[in-house]
Amino acid sequence: MIAKIRAFSPPALLALLQLALLTVPPALNSAAASPASGDQKQKPLGGHDHHHHHITTQNRVTWDEQSLLIDGKRLFIFSGEVHPWRNPVQSLHLDVLQKLKAAGFNAVSIYFHWGAVEWERGVFRWNELFDLQPFFDAAKEAGLYIIARPGPYVNAETTGGGFPGWGNRVEGLWRKSNKNYTEAYTPFVNEFGKLIAKNEITKGGPIILVQVENEYSGFGDGHEDFEYEAELLQAFKDSGITVPTICDDAWLGGHFQSVDIYGWNSYPLGFDCSHPERWHNAPPDNFYNSYNEKIRKHGPKSILELQAGGFDGWGGAGYDACGKLIGPEFERAMYGSAVRIMNLYMAFGGTNWGQSAEPGVYTSYDYGSIIREDRRLRDKYYELKLQTQFLAVSPAYLTSKPWQLTENDQIGILKGARGIVLTVLEDTIGLHTKFYIVRQKDFSKFELKTYRIELKTSIGDISVPRTGPPLDLQARDSNILLVDYMAGPTHIIYTTAEVYSWKTIDDITYVIVYGDENEHHEAAFNVKDIKDFMSLEQEGAKWSYEIEEKILTVRFTILEDGDAQTIRFGKTILVILDREVASKTWILDTTPPTIIKGGYLIRSANIEGPKLHLKGDLVQATRLHILAPKSVTQVTFNGKDVDTQPATEGWLYVMYTPELPDINIPELSQLDWKYENSLPEISASYDDSQWTTADNTYTPNGYKPQTKEILYASDYGYHSGNLIWRGHFKATGGENEFWLDIQGGRAFGYSVWDSGVYVGFWEGDVTTSRHTSNFRLPATWKGGEKHTLTILQDHMGLEENWTAATEFFKSPRGPINYGFKGAQPKLVKWKLTGNLGGEKYIDKERGPWNEGGLYAERQGSPLDGIKEPGVAFYRSTFDLHVPEGVDYPMAIQYSNSTGSYYRSQIYINGYQFGKYVNSIGPQTSFFVPQGILNYNGTNTIAISLWAMQDAGASLKSLDLRILGKVEGGVGRVRNAPMPLWTKRSDVY
Ligand code: GAL
């Protein structure tokens, strides 16, 4: 074991390089002993390490310049990002993960949230909500590997970027080898490291890679801190982690190259979803095919975050717009590349429930991803499946290298076509399979281009198409033409239509190709001894063939009505589909495999004697076309027998009509609502003696205040939700204005009262984090009078700390400065409250960030003892009875109400699942998952309403809506813990 290496200064690059060498796992010798698939000539390089005297002994996950290998077998890592804390219903993880698996992913990447489990310094709370073990187990059950990204910093549009709020009181710069910070993260790294180690593949768990830090790329002090990198890596290794480490540089900047595998992030279209048809940015250089001179250490080409949607900020365009901007066209145009470890950010976004968002984003974190926040599938889910499945059956892709083409070369190959860019990936071994990836150069235009292309094949250079019209290239697309591609035993000499998948079932190899409707394509096969060429009689089929010198060439047009065309030769069946049908075709890894055409979602298949058991989700009566081994004669769907009809060439047909029973959902406006005012604190006689006295005169925070007393909420342990400040003053006489400089994060707002009388407010806007205003006092103060100024402010979450070696996440919440005009009163004291208990929060079950400081939130129940007017709380109950076996996601919908300014939060069974700012938006529909909503019993709904103007606001238009209906789903959903209200002790 090497000792911790300390104290080398940043310019000591040599020391870093030595360290990098020392910390590479020795694993690869053993990988060579269990070599990868047949014709693999190259020895993996990743473990060329003769310094065996350290702790990394795992040998299951190895790598070389070309790909990752698991147990010696190469694989493309197709991963999607999911954040466990953004879905507090543990038994729903499996649903998301099965959906990823069904889409062809083989891995899921997760961030951890340090703040969530160590809200109180030194106390780790792995209670039910934040326990990661159920997620690990669900990934394993779904058959996905995990890329663990524990931070300590994660960014992720979450409060503090994952840093705990108490970090505000830890002096000095963070994300740096500064002693205070090191002491702060070490227990967390131990704790999380142990958890990772326990769930590594080497121990039978799903974790195969660990990303250390996050985008360690921008530095407030201008220095990449190599000592921090080394210490952090070592700390994770000391906690037992043995799988390879990886980084995610924010760009190809060459940072953090001491990890095992260098990786980077890419968001080609950025985060403005307001014009989803407009692609502002240029495509990434070379479509990720080349590194630059800064990258010394490679490993397989790895993109740890490839844009798969966008976050949307307060006042933004809404997530359907983001889903359009980063939609099927984006997937088609951008994702074909030479990358070998690819993680899409996000695959499922989830919800910023409670106060877990950073100020830039609102409650939904849908992200416009392939799986919506409510777990329904977007169109882009199906489009992506075409790529995941293709890569899963194309091992040649993993050992290929890109040709660097100049525009002139390309014109030669592309036969004069202009405005088209070409990347060729050529396999370095075997048949030298080639992938010709053709794209338009300028994505801002919408022109259809046509082209002919010269392919280098094993039977010579062939200009395709050999006859007929040229090939089509749509504006935002890429065509992948294949040369000398082995679909199992079938040698495809070339194809202009894209391959979706191929599978061998009962000795027949099915090769599924697809294109867009009416496109003409050509494919040629090496048919050494073809005895039984056979076409299938099909009305309206549009294909022809010729056999010449043992080369079979098939020309075909993709049918308009979505019908398949099937051509049989030897033991191969070519199945020609249109894109839409191909994208809804499911490849299931039964032994032998099963292929199913049709259906909203097929989760899994299982063959038991003559029976094929399918599990899936259907939205309407659906005909499924099934390719299964001949032994299968009967099909069940979700456990029910279905009428099964054999058809030609191995296909079976079943027709299934889902059962989607009607259910009663309450009309919220008709419920019996209890109403209470929830701001007794504005009254002069209110007793705040149990509140925290804000009388610190020193703050460890680098942002120094102008006031003598520190009014930073985090200095007193309050890190989220509404904050209430009470300033007690003794008047000198003549005070007539109060001015306030206060900070709460973008879109925050506040209201001010003077001893029970309303003074004024700021309603907030999308850019203002800190606001200064002068308020005329309701009446000029008289000498000797006691006055209490009550300030209710919103806290939009702690800032992120994207730039390392800064203190951005410590941006204070609370008054930065204040004063009076007319005369200066004497300050008696400032009092403060946020959530009851602060870091020692009371509701252990629902976790640290669920509650804010409103009276009803502190009580844990909105019903008790509120007598004075203020913020309103409404509460009611309703029952739901949703039978098992269906998935009906629901949301609470506010109607758009303008006029007076208000802020509102939704609590369902005690969980905050919505924060609505009516003047800012854009979110008006708040998804609440099953498990937070009790689908079989009584639900309590509570709504807080902070009206900023006297006009108030009405709840008449609140609705509970069903967003969609499927039969299927993940099975029984266990509710998140929802203990009933009990009176809290020491409550105020
Ligand atoms: C990346 C970051 C992620 C997330 C993303 C935007 O830069 O690594 O954590 O913030 O941007 O959604």
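Taking an unreviewed UniProt entry as the reference, the chain is identified by name as Beta-galactosidase belonging to Dactylellina haptotyla. Listed in UniProt under the heading Catalytic activity (unreviewed entry), the comment for the chain reads: "Hydrolysis of terminal non-reducing beta-D-galactose residues in beta-D-galactosides."

Moving on to the overall build of the chain. Assigned secondary structure in the chain consists of 14 helices and 56 strands. Overall, the chain is about 110 × 70 × 50 Å in size when its C-alpha atoms are taken along their principal axes. Going through the 988 residues of the chain one by one, you find that 65% of them count as buried. Of the contacts formed within the chain by residues at least 6 apart in sequence, a portion of 73% connects residues at least 24 apart. Accessible surface for the chain amounts to roughly 34,500 Å². Of this, 50% is attributable to carbon and sulfur atoms. Each charge class in the chain can be summarised by its mean position, and for the 96 positive and 117 negative side chains these summaries are 3 Å apart.

Throughout the structure, instances matching the rule amount to one disulfide. Two residues, Cys 273 and Cys 322, share a disulfide whose sulfurs are 2.1 Å apart. Looking down the S-S bond of the Cys 273 and Cys 322 bridge, the torsion is 105°, so its handedness is right-handed. Placement of Cys 273 in the loop between strand E9 (264-266) and strand E10 (302-307) and of Cys 322 in helix H8 (residues 319-325) is noted, with a sequence separation of 49 residues between them. The same class applies to Cys 273 and to Cys 322, which are both buried.

Bringing the packing of helix H6 (residues 179-198) against helix H7 (residues 226-238) into the picture now. For the pair H6 and H7, the least separation of the axes is 9 Å and the interaxial angle reads 30°. The handedness of the crossing between H6 and H7 is right-handed. Of H7, the residues touching H6 (which contributes Tyr 181, Thr 182, Tyr 185, Val 189 and Gly 193) are Tyr 228, Glu 231, Leu 232, Ala 235 and Phe 236. Taken together, the residues that form the contact of H6 with H7 break down as seven nonpolar, two polar and one charged.

Once that is clear, we can look at the site of the ligand. Surveying the vicinity of the ligand reveals 15 residues, the closest of which are Tyr 111, Asn 155, Glu 157, Glu 215 and Tyr 367. Between Asn 155 and the ligand, the recorded distance is 2.7 Å, taken from a side-chain N or O atom to an oxygen atom. Contact with the protein chains removes 94% of the 310 Å² of surface that the ligand exposes when unbound. Classifying every residue of the shell around the ligand gives nine nonpolar, three polar and three charged.

Here H7 contains 13 residues, and its C-alpha end-to-end distance of 18 Å stays within 8% of the 18 Å for a straight helix at 1.5 Å per residue. Extensive coverage of H7 is indicated by the burial of twelve of its 13 residues. The residue sitting at the N-terminus of H7 and contributing the capping side-chain oxygen is Asp 225; that oxygen lies 3.1 Å from the backbone nitrogen of Glu 227. Positive phi shows up at Gly 240, right after H7, with a value of about 115°.

Turning next to unusual backbone geometry. Residue Pro 465 follows Val 464 across a cis peptide bond; omega there is -10°. Structurally, Pro 465 can be placed in the loop between strand E17 (460-464) and strand E18 (471-473). The linkage connecting Gly 921 with the following residue, Pro 922, adopts the cis geometry, with an omega of 5°. You can see Pro 922 is positioned in the loop between strand E52 (911-917) and strand E53 (925-928). Of note, Glu 157 is a non-glycine position whose phi angle comes to about 55°, a positive value. Mapped onto the elements of the fold, Glu 157 is located in the loop between strand E6 (145-151) and H6. Given the relative accessible area of 6%, Glu 157 is considered buried. Look at Ser 755: it is not a glycine, yet its phi comes out positive at around 45°. For Ser 755, a relative accessible area of 21% gives the class partly exposed.

Before going further, it helps to spend a moment on a negative patch on the surface. A cluster of acidic residues, Glu 517, Glu 560, Asp 561 and Asp 563, forms a negative patch on the protein surface. Here Asp 563 shows up in the loop between strand E26 (551-557) and strand E27 (565-569).

Here we take up the side chain of His 521. Position of His 521 among the secondary structure elements: in strand E23 (residues 520-526). Separated by 2.8 Å, the side chains of His 521 and Thr 496 make a polar contact. In this structure the side chain of His 521 is engaged in a polar contact, spanning 3.3 Å, whose partner is the backbone nitrogen of Ala 497.

On to the packing of aromatic side chains, then. Counted under the stated rule, the structure contains 76 aromatic pairs. Where Tyr 216 meets Phe 219, the ring centres are 4.8 Å apart and the plane angle is 75°; that geometry is what we call edge-to-face. Where Tyr 818 meets Trp 830, the ring centres are 5.2 Å apart and the plane angle is 75°; that geometry is what we call edge-to-face. Taken as a pair, Tyr 818 in strand E46 (residues 814-821) and Trp 830 in strand E47 (residues 826-833) lie far apart in primary sequence, twelve residues in all. This pair shows no difference in class: Tyr 818 is buried, exactly as Trp 830 is.

This next bit is on helix H10 (residues 379-392). In this model H10 runs 21 Å from its N-terminal to its C-terminal C-alpha over 14 residues, within 8% of the 20 Å that 1.5 Å per residue would give. In terms of burial, H10 is a largely internal element, twelve of the 14 residues being buried. All buried positions along H10 are accounted for by Lys 380, Tyr 381, Tyr 382, Glu 383, Leu 384, Lys 385, Leu 386, Gln 387, Thr 388, Gln 389, Phe 390 and Leu 391.

Time to look at the packing of helix H3 (residues 93-102) against helix H5 (residues 133-142). Helix packing for two helices is described by the angle between their axes and how far apart those axes are. Running from N to C, H3 and H5 cross one another at 35°; their axes reach a closest spacing of 9 Å. Every pair of crossing elements has a handedness; the one defined by H3 and H5 is right-handed. Of the residues in H5, those in contact with His 93, Leu 94, Leu 97, Gln 98 and Lys 101 of H3 are Phe 135, Ala 138, Ala 139, Glu 141 and Ala 142. Here the residues of the contact of H3 with H5 sort into six nonpolar, two polar and two charged.

To continue, consider the sheet that holds strand E40 (residues 723-730). The sheet built from six strands is open, its strands ordered E39-E47-E40-E45-E42-E43 with antiparallel pairing. Whereas interior strands pair on both sides, the edge strands pair on one side only; in this sheet they are strand E39 (692-693) and strand E43 (757-762). In this sheet, strand E45 (residues 786-793) lies alongside strand E42 (residues 750-754) in antiparallel orientation, the contact comprising five bridges. Of the residues in E45, the one forming a bridge with Asp 754 is Leu 789.

Here we come to the environment of Val 654. Structurally, Val 654 is set in strand E37 (residues 651-656). Assessed through its relative accessible area of 2%, Val 654 is described here as buried. When the C-alpha positions of Val 654 and Val 575 are compared, they lie 19 Å apart, and in sequence the two are 79 residues distant. Setting aside chain neighbours within four positions, we find Val 654 in contact with Thr 622, Arg 623, Leu 624, Ile 626, Val 635, Val 642, Asp 643 and Thr 644.

Thresholds, definitions, all that
- Residues numbered from 1 in each chain as written.
- Predicted model: local features only at pLDDT ≥ 70, side-chain atom pairs only at ≥ 80, totals over all residues.
- Heavy atoms only, no water.
- UniProt positions renumbered as here; feature names shortened; annotations may be inferred.
- Helix = DSSP H or I, 4+ residues; strand = E, 2+ residues; numbered from the N terminus.
- Buried < 20%, exposed > 50% of the residue type's maximum accessible area, 1.4 Å probe, protein only.
- Contact = heavy atoms within 4.5 Å.
- Areas by Shrake-Rupley, 256 points an atom, 1.4 Å probe, with all protein chains shown as cover.
- Lys, Arg positive; Asp, Glu negative; His and termini not counted.
- Charge placed at Lys NZ, Arg CZ, Asp CG, Glu CD.
- Disulfide = S-S within 2.5 Å.
- Axes fitted to C-alpha atoms, helices over the stretch in contact; angles between N-to-C directions.
- Left-handed = near helix turned anticlockwise from the far one by under 90°.
- Nonpolar A, V, L, I, M, F, W, Y, C, P; charged D, E, K, R; others polar.
- Near = heavy atom within 4 Å.
- Polar contact = N/O pair within 3.5 Å; in protein donor to acceptor, adjacent residues only side chain to side chain.
- Expected span 1.5 Å × (residues − 1).
- Patch = residues over 30% accessible without salt bridge, like charges linked within 9 Å, V, L, I, M, F, W, Y side chains within 5 Å.
- Salt bridge = Lys/Arg side-chain N within 4 Å of Asp/Glu carboxyl O.
- Phe/Tyr/Trp six-rings, centres within 6.5 Å; stacked < 30°, edge-to-face > 60°.
- Pairing = 2+ DSSP bridges.

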